[in-house]
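Listed below are the residues making up each chain.
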Amino acid sequence: MEQVRVRFAPSPTGPLHIGGVRTALYNYLFAKKSGGTFILRIEDTDQTRFVEGAEEYIMESLEWCGIIVDEGIKEGGPFGPYRQSDRKAIYREYADILINKGAAYYSFDTTEHLESLRKEAEKTGNTFIYNASNRNELSNSLSLAENEWKIKLEKGEPYVIRYKMPKNEEIHFEDIIRGHIVVNSSTLDDKVLFKSDGMPTYHLANIVDDHLMKISHVIRGEEWLPSLPLHILLYRSFGWDPPLFSHLPLLLKPDGKGKLSKRDGDKMGFPVFPLFWPFGETAKGYREEGYYPDAFVNMIALLGWNPGTEQEIFSMKELIDAFTIDRVGKSGSRFDPEKAKWFNHQYLQKKSNNQLAIEFREFLRTYGHHVDIVNLEVLVGMVKERVSFVRDIWDQTDFFFKAPEMYDQEVIKKRWTPDSAALLMELKAELEKADSFSAVDLEPAIKSWIEEKGYNMGVIMNAFRLVVVGALRGPHMFDIISWIGREETLKRIDKGVSHINK
RNA sequence: GGUCCAUUCGUCUAGUGGUUAGGACGUCAGGUUUUCAUCCUGUUAACAGGGGUUCGAUUCCCCUAUGGACUACCA
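Residues numbered from 1 in each chain as written. Chains lettered and ligands numbered in written order. Predicted model: local features only at pLDDT ≥ 70, side-chain atom pairs only at ≥ 80, totals over all residues. Heavy atoms only, no water.

### Focus: the environment of glycine 66
Mapping glycine 66 onto the fold places it in the loop between α2 (54-65) and α3 (88-100). Glycine 66 gets classed as partly exposed once you look at its relative accessible area, which sits at 31%. (Helix = DSSP H or I, 4+ residues; strand = E, 2+ residues; numbered from the N terminus. Buried < 20%, exposed > 50% of the residue type's maximum accessible area, 1.4 Å probe, protein only.)

Laid out in structure tokens, this is it:
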């Protein structure tokens, strides 16, 4: 079998959508599974849509995901350059080959003229198609006499090069995911291959580059499926063997209709991009939201692909081993932000307390708290299972760092009894004279004291939690007070009692 | 409008010409927990509709419906 070579070929028109990341990932997994090569090619043939910073964003996104580029604009490689704007001269050459073969022609129609024809057709409920049915009535090197169009060329009149779509021909082709597809060429138009600005369109550049770069498999989004017949024909006209094609289903909105867009993310509070996009209209990123890259990759991988087993957690290596293109689904997948969180939760659980403490310490610094790592490890250990993100640790532990300012009114109403204050003062006395303030020693001591006195455990402990935490939440009471220490605990009892009794 | 693609629980999906249609997320309920959360257990819920083919169709074929993509000198 020939060497597997795949490419991810985004346009630098803005931040890379997670759908694009998934396309890149599937290409990467497919390549690595067979020891093949993953190529990053930048398709920037539309100068008007170029966005500063997008190219770097794409590369950084792949890097964050752990998708390693073998050949690309940064890495180099034997088939470069890997940026289409740097390959400009190549495309003209191949456009000329097509013209010489009679498979393409010059077209002089203005955009305005074609636009008006299109509008006219629309009025009568028809679709204007520039192809064999009408190309003789339009201005091109097929309809015009040879001397006429040659003069136009010499005079430097603007022109485009169009593909000469065959008339009424059944075009058969295969897609690995979708199987056999047939299209009649009469429904297709004479696509522009080469623009008047001297740049190729996607169709030409893509076919030429895929051939020159010896791409064996094209794995791309479903939006390209309608132009696949054109691409097949182009290969045929050049006399080249086409690669194998796979068209990936789209990522859909979590609810409602249509494909996943940035607006959905904004509306429902989840990112649609891997990284924060800092230019112009900014956009949230998974990295900045606190997702781990391996969790993100895992989540993305299972959106439209599954291994056929019940395994859901996959490292990149496991994904590579398990991935096959024929197990990619045919229908679009709705994106589920809840499940995305679940994946991160799973990955966070696997981190050591030390690792999480280091990450949380970074977070705490923004709040001006400096705590040594050993104490943070203990703290993190208390709340680890209940969080999905490192920043959630703060929501679970804020009261460790500051005494409550407010006390939950509902709880006071329900759980604060007339003798709560007195009981807490007794408890305070017990805590004051306790030999050790570690949870393991303190818990049995206090519990047996409560029992001896015949007090109600719930009444005391709930009141205790209320004055220490401010609400009925948080880890084990004795773990909390052991962490904040005797002095702070006693202070919180006093403060709470006087505040609530007011 | 035209062309092409798709359609299993709310969501991601497994699956087979004969299954109690399986798992995960979510939901709900119970258990654990002195609280909350976690966790555990259980529950919930699906083959878009209609025709065929067949002894039998969720599975194969056709039609309809719905959804999607494309329909630019954008990719």
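Let's pick the thread back up.
### Structural notes on the pattern of salt bridges
Tallied over the full model, the rule gives 35 salt bridges. Across the pair aspartate 398 and arginine 473 runs a salt bridge whose closest N-O atoms are separated by 3.1 Å. One end of the pair, aspartate 398, is in helix α15 (residues 390-401); the other, arginine 473, is in the loop between α19 (457-469) and α20 (477-484), and 75 residues separate them in sequence. Among the residues examined, aspartate 398 registers a relative accessible area of 18% and is labelled buried. For arginine 473, a relative accessible area of 34% translates into the label partly exposed. (Salt bridge = Lys/Arg side-chain N within 4 Å of Asp/Glu carboxyl O.)

### Quick look at the packing of aromatic side chains
Aromatic ring pairs are described here by two measures, namely the spacing of the ring centres and the angle between the planes. Overall, the coordinates contain 30 aromatic pairs when judged by the stated rule. Seen from their ring centres, tyrosine 106 and tyrosine 159 are 5.2 Å apart, and the 85° between their planes marks the pair as edge-to-face. Linking tyrosine 106 in strand β3 (residues 104-107) with tyrosine 159 in the loop between α5 (146-155) and β4 (160-163), this pair joins segments that are 53 residues apart in sequence. In this structure tyrosine 106 comes out as buried when scored by relative accessible area, which is 10%. (Phe/Tyr/Trp six-rings, centres within 6.5 Å; stacked < 30°, edge-to-face > 60°.)

### Side note on the protein's contact with RNA strand B
The full set close to RNA strand B counts 59 residues, and Ser11, Thr127, Arg178, Glu312 and Met461 are the nearest of them. Taking the atoms of RNA strand B that fall within 4 Å of the protein, sugar and phosphate contribute 71% of them. Interatomic distance of 2.4 Å between a side-chain N/O atom of serine 11 and a sugar or linking oxygen of RNA strand B. Note that a sugar or linking oxygen of RNA strand B is positioned 3.0 Å from one of the side-chain N or O atoms of aspartate 46. Tallying contributions element by element places helix α12 (residues 337-349) first for the surface near RNA strand B, with four residues. In terms of residue class, the surface near RNA strand B is made up of 18 nonpolar, 17 polar and 24 charged. (Near = heavy atom within 4 Å. Polar contact = N/O pair within 3.5 Å; in protein donor to acceptor, adjacent residues only side chain to side chain. Nonpolar A, V, L, I, M, F, W, Y, C, P; charged D, E, K, R; others polar.)

### Points about the sheet that holds β4
Sheet architecture is open: three strands sit in the order β3-β4-β7, paired in antiparallel fashion. In this open sheet, the two edge strands, each paired with only one partner strand, are β3 and β7 (192-194). Sheet twist, expressed as the mean angle between neighbouring strand axes with direction ignored, is 45°. In this sheet, β7 lies alongside β4 in antiparallel orientation, the contact comprising two bridges. When the bridges of β7 are listed, isoleucine 161 appears paired with phenylalanine 194. (Pairing = 2+ DSSP bridges. Axes fitted to C-alpha atoms, helices over the stretch in contact; angles between N-to-C directions.)

### Topic: the packing of helix α1 (residues 18-33) against helix α10 (residues 293-301)
It is at 10 Å that the axes of α1 and α10 come closest, and there the two elements cross at 85°. In this view, α1 runs roughly perpendicular relative to α10, as classed from their interaxial angle. Residues Ile18, Val21, Arg22, Leu25 and Tyr26 of α1 pack against Phe296, Val297, Ile300 and Ala301 of α10. (Parallel < 35°, antiparallel > 145°, perpendicular 65-115°, else oblique. Contact = heavy atoms within 4.5 Å.)

### Section: the nonpolar core
Counting residues in each nonpolar core, the largest one holds 56 residues, and the members touching the most others are Phe38, Leu62, Tyr286, Phe296 and Phe335. If you list the elements that add at least two residues to this core, you get β1 (5-8), α1, β2 (37-40), α2, α10, α11 (316-322) and α12. In terms of residue count, α1 provides more of this core than any other element does, nine residues in total. In this view, tyrosine 286 contacts Ile18, Trp64, Phe270, Pro271, Val272, Phe273, Pro274, Leu275, Tyr291, Phe296, Met299 and Phe335; residues no more than four positions away in its chain are not counted. Membership of the second largest hydrophobic core comes to 55 residues, among which are Ala295, Phe400, Leu427 and Met461. (Core = buried A, V, L, I, M, F, W, Y, C linked by side-chain atoms within 4.5 Å.)

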